[in-house]
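# Fold and contact review
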Amino acid sequence: MTSLPRRYGSIDVNLDAGERPEAVADRSEEALLALVSSVNIACGGHAGDEAAMAATLASAHRLGVACGAHPGYPDRLGFGRTSLAITPGEIAATVEAQVRALDRIAGRLGVQLTHVKPHGALYNDAACNVTVAVAVARGAAPWSGRVRLVGLAGAPCLEVYRQAGFAVLAEAFAERRYEPDGTLRLRRYPDAVLHDPEEAAAQAVGIALDGEVKAVNGCQMRLRADTLCIHSDSPGALAVAKAVREALASAGIIVAAPGAP
């Protein structure tokens, strides 16, 4: 990878986790947790159960990784990646129930949740649909003084979350391609995910160091982000995470979780 000028700054690197029971049970996901500063834990909507939540919380806490909830549409069959035609009230209710389920286990383990990040289609719908964003904020409202809400960098949802009283984290993605309007390329396209570790690492450094990302049409977009996401269920996720950490370190970027809201 092309060498970059050494500058100093910091960024959070987060991982969507607790979604694959086998990776939790055999503790292989711990290798990924050791490479990030924050984790978003599936809490029963699209994936995750009590055992997976407890194991992921315990592993992350032991590794010093900040723990957050990762609620999605209640759609385990579709892994929460398809929008559901449910009411704003139903969205708020399922978000609250999922966060509460994780928080209950976290409390037993002495872990403080630091953030809430919607998953999949709920995340994408909230990014650009104010009604959905308001519903997500309503669902997370019982934790508004304790957690940050995570949303797509540059998306309207961030202002909705701020207006609802939340501190926010603007998120970008190390291994997802972007459309020219700043949205994520839909997963139905074969090039939606970056599988090459060096390509993902270069994108991560470009975002963290220069505040820029290249869209699918080749144009460079400005993108200010507080946190970078890596998906644990992507093929080659461990190689991607290692490459991202190494590239950020080489660029003088410190990986650290945000402070308290």
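Conventions adopted
- Residues numbered from 1 in each chain as written.
- Predicted model: local features only at pLDDT ≥ 70, side-chain atom pairs only at ≥ 80, totals over all residues.
- Heavy atoms only, no water.
- Helix = DSSP H or I, 4+ residues; strand = E, 2+ residues; numbered from the N terminus.
- Expected span 1.5 Å × (residues − 1).
- Buried < 20%, exposed > 50% of the residue type's maximum accessible area, 1.4 Å probe, protein only.
- Contact = heavy atoms within 4.5 Å.
- Core = buried A, V, L, I, M, F, W, Y, C linked by side-chain atoms within 4.5 Å.
- Phe/Tyr/Trp six-rings, centres within 6.5 Å; stacked < 30°, edge-to-face > 60°.
- Lys NZ or Arg CZ within 6 Å of the ring centre and 35° of its normal.

## Here's the deal with helix α8 (residues 197-210)
Taking 1.5 Å as the rise per residue, α8 with 14 residues should run 20 Å; its terminal C-alpha atoms sit 19 Å apart, in good agreement. Ala200, Ala201, Gln203, Ala204, Val205, Gly206, Ile207 and Leu209 are the residues of α8 that are buried. Elements that come into contact with the buried residues of α8 comprise β6 (167-173), β7 (212-214), β9 (227-231), α9 (237-250) and β10 (253-255).

## Some words on the nonpolar core
By size, the foremost hydrophobic cluster in this structure holds 81 residues, and its most contacted members are Leu57, Tyr161, Tyr178 and Leu248. Those residues in contact with Leu248 that sit more than four places away from it in its chain are Ile11, Val13, Ala204, Val205, Ala208, Leu228, Ile253 and Val255.

## Notes on unusual backbone geometry
One non-glycine residue with positive phi stands out, namely Arg27, at about 65°. Considering the arrangement of structural elements, one finds Arg27 in the loop between α1 (21-25) and α2 (30-33). The phi dihedral of Phe79 is positive, around 55°, even though this residue is not glycine. You can see Phe79 is positioned in the loop between β3 (66-70) and α4 (88-109).

## Topic: the packing of aromatic side chains
According to the stated counting rule, one finds 1 aromatic pair in the structure shown. Their ring planes at 85° and their centres at 5.8 Å tell us that Tyr123 and Phe173 sit as a pair that is edge-to-face. Here Tyr123 is found in helix α5 (residues 120-128), whereas its partner Phe173 is found in strand β6, with 50 residues between them in sequence. Overall, Tyr123 belongs to the buried group, its relative accessible area being 4%. The ring centre of Tyr123 lies 5.7 Å from the NZ or CZ of Lys117, which sits over that ring. The ring centre of Tyr189 lies 4.1 Å from the NZ or CZ of Arg185, which sits over that ring.

Functional significance is not addressed by these values, which are geometric in nature.
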